[in-house]
Amino acid sequence: MPVYPGISAAVARDLLAPEHVKGLIMISYGVGNPPDANTELMDILAEATARVWSSLT
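Residues numbered from 1 in each chain as written. Predicted model: local features only at pLDDT ≥ 70, side-chain atom pairs only at ≥ 80, totals over all residues. Heavy atoms only, no water.

(A) How the structure looks around the nonpolar core. One finds M1, V3, I7, A9, A12, L16, V21, L41, I44, L45 and A48 forming the largest nonpolar core, which totals eleven residues. Put simply, the parts of the chain that give this core at least two residues each are α1 (9-16) and α2 (39-51). With four residues, the single largest contributor to this core is α2. (Core = buried A, V, L, I, M, F, W, Y, C linked by side-chain atoms within 4.5 Å. Buried < 20%, exposed > 50% of the residue type's maximum accessible area, 1.4 Å probe, protein only. Helix = DSSP H or I, 4+ residues; strand = E, 2+ residues; numbered from the N terminus.)

As structure tokens, then:
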């Protein structure tokens, strides 16, 4: 999932909603930080992280 300024939280919600999803590769640009001012998006990512998540940097 490309992560860029202005990304809609609905995009992440729709990709992560199915229970069979076990992970997600996020492609970020610039310094690599998610748009943390988008609290709805951050909440969706936090919920997904609580389910099953591994991080490689």
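(B) Structural view of the packing of α1 against α2. Packing of α1 against α2 leaves a shortest axis separation of 8 Å and a crossing angle of 20 degrees. Of the possible angle classes, the one that applies to α1 and α2 is roughly parallel. Handedness of the crossing formed by α1 with α2: left-handed. Of the residues in α2, those in contact with A9, A12, R13 and L16 of α1 are E40, L41, I44, L45, A48 and R51. Within the contact of α1 with α2, the residues separate by chemical class into seven nonpolar, no polar and three charged. (Axes fitted to C-alpha atoms, helices over the stretch in contact; angles between N-to-C directions. Parallel < 35°, antiparallel > 145°, perpendicular 65-115°, else oblique. Left-handed = near helix turned anticlockwise from the far one by under 90°. Contact = heavy atoms within 4.5 Å. Nonpolar A, V, L, I, M, F, W, Y, C, P; charged D, E, K, R; others polar.)

(C) Representation of a nonpolar patch on the surface within the structure. Together, Y4, I25, I27 and Y29 line one region of the surface with nonpolar side chains, adding up to about 460 Å² of accessible area. Looking at the secondary structure, you find Y29 in the loop between β2 (27-28) and α2. Judged by relative accessible area, Y29 falls into the exposed class, the value being 53%. (Patch = residues over 30% accessible without salt bridge, like charges linked within 9 Å, V, L, I, M, F, W, Y side chains within 5 Å. Areas by Shrake-Rupley, 256 points an atom, 1.4 Å probe, with all protein chains shown as cover. Salt bridge = Lys/Arg side-chain N within 4 Å of Asp/Glu carboxyl O.)

(D) Fine view of the pattern of salt bridges. Tallied over the entire structure, the rule returns one salt bridge. Where E40 meets R13, a salt bridge forms, and the shortest distance between an N and an O atom there is 2.9 Å. In this pair, E40 sits in helix α2 while R13 sits in helix α1, placing the two residues 27 residues apart along the sequence.

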